[in-house]
Amino acid sequence: MSLLPPGSRQPALLQTMRMRDPVHYFASLRRRYGPVFRMKLIGFPPQVVVSTAELAAKIYSTDGDGNRAGALRAGYVPWLGDYSLFTNDGEPWWRHRKLLSPALHGRSIASYPDLIAEIAAEDIRTWPLGRPFALQEHMQAITLEITLRLVFGIRDVTQLARLRALLLALSKASGSPLLFLMPARLRAWAEKSPLAMRVPVLPTTRTMKASAAVDEILFAEIARRRDEEDSGATDVLGRLLKARDDQGRAMSDQEIRDELLTLLEAGLETTATGLSWAFERLMRSPEILRRLQEELERGEDDSYLEAVVKEVLRLRPVITGSGRLLDKPLRLDGYEIPAGWVAIPMFSLIHQDSEAYPDPEEFRPERFLGEGAQAAQKSFLPFGGGRRYCVGAQLAMMEMKVIIREVLRRVELTAADPAPEAQRMWHVTLVPGKRAVAVARERPLDRAPLNEEPRCPVHPAPSE
């Protein structure tokens, strides 16, 4: 008989209801049962959770042969399509990974920072001064614009406006909590049933209709770009059109469409949420904010800025964890996990491991600098690990650093409420409970860097 780890004996319904506050629920299970424990949620196979980087590495070691991470997600993001890196496994996944990686790394994105800064500056100019507003909405607007211009590469102003609205509608519809509470079979029926598609209030109807409208634009854009044959294109779409696999095969229109939406799903909410948490933490950590501003003004390097970003993602992970559906039994810390179970490295617990991060509740960017940086990095898993490490991690880190720098050089931010914002589950991300409410003030001239060009004014708040 296999030895299973301990875990909650509550019915799956009660355990699923506890997921309204997953961070505290997982922490309570960790305290009670130790670094490996099991749980059961409605609509999912039995799950085993691990809370250390060493145990996570054992799960990731099965990535080459022994799990199907894509199959675990496929039923919950059907609008991404059959070719998405999120929903694929095996050789089809590996082929796409090799095709997509060059477009998101190194020299392919080296020219992006200037345009990212320009996009951020355009949005910052619309921020109100002197009154509270939600930063997360603006971070979403900025990251969406980056996706439209750097990933999709759409230039037509009318098409940009239409696609922007449709992508926001798709993101909102696909983020409905009802979608994740619906049993997989019911969801699959609702997404294909003509009867269900006539009910406009169903989240499945709104998601599939928004996806179809987005597809209309994307396929037209892909066809247009194929006709143009722009060899100098630097956006991700342009690079995917030129990509060839080991057999010299190009990607089909459907394959490209699926990966473009995958990049939207992976980057829009997650990067915007990471940025929102960055400002939420910095506004409540004046000494760290002051040091960061001084480091940026000196302009020597961005090592402290990168450490700040990493510490934000450690302390406030955007995603609680990412699982693997096991094809083979797996031994974890003396336990035997059966095939068919889901094994989950839980980032929100791993990042709170006091062995890896002393005083883990403290916001301390210095963890990622100097002698302790290597140990801190070993347990740093916001982008997952193993073979399926996030393909867009380098671009996401670049976006966060460029946008934070651009915000801090243009405005001064203070928290509207000194109390920390709670972590709240939205879709599959952990967002600031009040969406990172801030008060912006124009940066005093005597605090501006000497080499800064004249700044465009930020819109003042309307009189009350």
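Residues numbered from 1 in each chain as written. Predicted model: local features only at pLDDT ≥ 70, side-chain atom pairs only at ≥ 80, totals over all residues. Heavy atoms only, no water.

- In the nomenclature of an unreviewed UniProt entry, the protein is known as Cytochrome P450 of Streptomyces javensis.
- According to the UniProt record, the Cofactor (unreviewed entry) comment for the protein reads "heme". (UniProt positions renumbered as here; feature names shortened; annotations may be inferred.)

Considering the overall build of the protein
Moving on, step 1. Across its full length, the protein carries 18 helices and eleven strands.
Moving on, step 2. Since a compact globule built from 464 residues should have a radius of gyration of about 23 Å, the 22 Å found for the protein is in line with a globular shape.
Moving on, step 3. Counting only C-alpha atoms and orienting by the principal axes, one finds that the protein spans roughly 70 × 55 × 50 Å.
Moving on, step 4. Per-residue burial over the protein gives 54% buried out of 464 residues.
Moving on, step 5. In the protein, once contacts between residues fewer than 6 apart in sequence are set aside, the share between residues at least 24 apart is 73%.
Moving on, step 6. Accessible surface, the protein as shown: approximately 21,000 Å² in total, 56% of it carbon and sulfur. (Helix = DSSP H or I, 4+ residues; strand = E, 2+ residues; numbered from the N terminus. Rg over C-alpha atoms; globule rule 2.2 N^0.38 Å. Buried < 20%, exposed > 50% of the residue type's maximum accessible area, 1.4 Å probe, protein only. Contact = heavy atoms within 4.5 Å. Areas by Shrake-Rupley, 256 points an atom, 1.4 Å probe, with all protein chains shown as cover.)

Some remarks on the packing of aromatic side chains
Moving on, step 1. Using the criterion set out here, one finds six aromatic pairs in the structure.
Moving on, step 2. Their ring planes at 65° and their centres at 6.2 Å tell us that Phe383 and Tyr389 sit as a pair that is edge-to-face.
Moving on, step 3. Between the NZ or CZ atom of Arg316 and the centre of the ring of Trp277, over which it lies, the distance is 5.3 Å. (Phe/Tyr/Trp six-rings, centres within 6.5 Å; stacked < 30°, edge-to-face > 60°. Lys NZ or Arg CZ within 6 Å of the ring centre and 35° of its normal.)

Examining the pairing of strand S2 (residues 47-50)
A regular strand places its side chains on the two faces of the sheet in alternate fashion.
Moving on, step 1. Burial along S2 is two-sided: Gln47 and Val49 and Val48 and Val50, pointing in opposite directions, are all buried.
Moving on, step 2. In terms of strand pairing, S2 meets strand S7 (residues 342-345) through four bridges, oriented parallel. Each residue of the ladder has a partner; that of Val49, found in S7, is Ile344. (Pairing = 2+ DSSP bridges.)

Remarks on the sheet that holds strand S1 (residues 36-39)
Remark on secondary structure: sheet strands pair via backbone hydrogen bonds, oriented parallel or antiparallel.
Moving on, step 1. One open sheet holds the four strands; their spatial order is S1-S2-S7-S4, and the pairing between them is mixed. The outermost strands of the open sheet, each flanked by one partner alone, are S1 and strand S4 (324-325).
Moving on, step 2. One ladder, built from four bridges, connects S1 with S2; its direction is antiparallel. Among the inter-strand pairings, Val36 is bridged to a residue of S2, identified as Val50.
Moving on, step 3. Strands S1, S2, S4 and S7 of the sheet are contacted by helix H3 (residues 53-60), whose axis makes an angle of about 140° with S7. (Axes fitted to C-alpha atoms, helices over the stretch in contact; angles between N-to-C directions.)

Details of the side chain of Arg314
Moving on, step 1. Tracing the backbone shows Arg314 in helix H15 (residues 303-315).
Moving on, step 2. Reaching out from Arg314, the side chain makes a polar contact with the backbone oxygen of Pro360 at a distance of 2.8 Å.
Moving on, step 3. Each residue touching Arg314, except ones within four places of it in the same chain, is listed here: His351, Gln352, Tyr357, Pro360, Glu362, Arg367, Phe368 and Phe380. (Polar contact = N/O pair within 3.5 Å; in protein donor to acceptor, adjacent residues only side chain to side chain.)

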